[in-house]
Amino acid sequence: VQLQASGGGLVQAGGSLRLSCVVSGGDILHNVISWYRQAPGKQRELVAESRSRGPSKYGDSVKGRHTISRDNSKNTVYLQMNSLEPEDTAVYFCKREGRNRFLPDYWGQGTQVTVSS
């Protein structure tokens, strides 16, 4: 299984970006797909989580600004990021969780998001 994250870039504060995470070598239909981010000198933190059933989950710092969505037919999960702030600057990673505790998680390589003030 491989995950390819894309869509990062440089944007001014208040702007928007849409990240994409394409999963190959497996599907996402029954998997939790998440976006995490890691800023320099900080721990990796959850940004948003999409489940096959039930509501999505968001980190407190992005609630109301970012939206996670998925297209199971394309094996793709998106993260629409609006009202970006300099504090959103980080490398963003997507993760496909194993369907149970015996199966591995898979991570993408990360995409850099830089928000200028």
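For the structure, see preceding data.
Conventions used here
Residues numbered from 1 in each chain as written. Predicted model: local features only at pLDDT ≥ 70, side-chain atom pairs only at ≥ 80, totals over all residues. Heavy atoms only, no water. Pairing = 2+ DSSP bridges. Helix = DSSP H or I, 4+ residues; strand = E, 2+ residues; numbered from the N terminus. Axes fitted to C-alpha atoms, helices over the stretch in contact; angles between N-to-C directions. Buried < 20%, exposed > 50% of the residue type's maximum accessible area, 1.4 Å probe, protein only. Lys, Arg positive; Asp, Glu negative; His and termini not counted. Salt bridge = Lys/Arg side-chain N within 4 Å of Asp/Glu carboxyl O. Polar contact = N/O pair within 3.5 Å; in protein donor to acceptor, adjacent residues only side chain to side chain. Core = buried A, V, L, I, M, F, W, Y, C linked by side-chain atoms within 4.5 Å. Contact = heavy atoms within 4.5 Å.

Colleague: Just checking my understanding: could you explain the pairing of strand 5 (residues 45-50) for this structure?
Modeller: Within a regular strand, side chains alternate between the sheet's two faces. Where strand 4 (residues 33-38) and strand 5 come together, 5 bridges link them in antiparallel fashion. Residue pairing in the sheet places S34 in a bridge with E49 of strand 5. By the bridge criterion, 2 bridges tie strand 5 to strand 6 (residues 57-58) in an arrangement that is antiparallel. Note on strand 6: the bridge partner recorded for E49 is K57. Connecting strand 5 to the antiparallel partner strand 6 that follows it, the hairpin turn spans 6 residues, and G54 within it adopts a positive phi of roughly 95 degrees.

Colleague: Explain the sheet that holds strand 3 (residues 17-24) here, please?
Modeller: As a general point, the strands of a sheet are linked pairwise by backbone hydrogen bonds and lie either parallel or antiparallel. In spatial order, the strands read 1-3-8-7; together these 4 strands make up an open sheet with antiparallel pairing. Either end of the sheet is taken by a strand with one partner, and the two such strands are strand 1 (2-6) and strand 7 (66-71). On average, adjacent strands in this sheet sit at an angle of 15 degrees to one another, irrespective of strand direction. Relative to strand 8 (residues 76-81), strand 3 runs antiparallel, the two sharing 6 bridges. Bridge pairing links R18 to Q80 in strand 8.

Colleague: Looking at this structure, I do not really get the side chain of R96. What am I missing?
Modeller: Here R96 lies in strand 9 (residues 90-96). Look at R96: it is buried, it has no salt bridge, and the nearest opposite charge is D27 at 4.7 Å. Of note is the side chain of R96, whose polar atom sits 2.7 Å from the backbone oxygen of D27.

Colleague: Where do I start with the pattern of salt bridges in this structure?
Modeller: Side-chain pairs of opposite charge can arise whenever the charged atoms involved come near each other. As enumerated under the stated definition, the model contains 8 salt bridges in all. Put simply, K63 and D60 hold a salt bridge, and the shortest N to O gap is 3.2 Å. Residue K63 is classed as exposed on the basis of its relative accessible area, which comes to 51%. When the shortest N-O distance is used, the salt bridge between E97 and K95 registers 3.7 Å. Given the relative accessible area of 9%, K95 is considered buried.

Colleague: How should I be thinking about the pairing of strand 3 in this particular structure?
Modeller: Pairing between strand 1 and strand 3: 5 bridges, direction antiparallel. For Q4, the partnering residue across the bridge sits in strand 3 and is V22.

Colleague: So what exactly am I meant to see when it comes to the nonpolar core here?
Modeller: One recurring pattern in soluble globular proteins is that nonpolar side chains are buried together. Within the largest apolar cluster, 24 residues are counted, with the highest numbers of intra-cluster contacts made by L19, W35, V47, L79, M81, Y92 and V113. Listing elements by their share of this core, those giving two or more residues are strand 1, strand 3, strand 4, strand 5, strand 8, strand 9 and strand 11 (111-116). Examining the composition of this core, we find that 4 residues originate from one element, strand 3, more than from any other. When near neighbours in sequence (up to four residues on either side) are disregarded, Y92 contacts A5, L19, W35, Y36, R37, V47, L79, M81, G110, T111 and V113.

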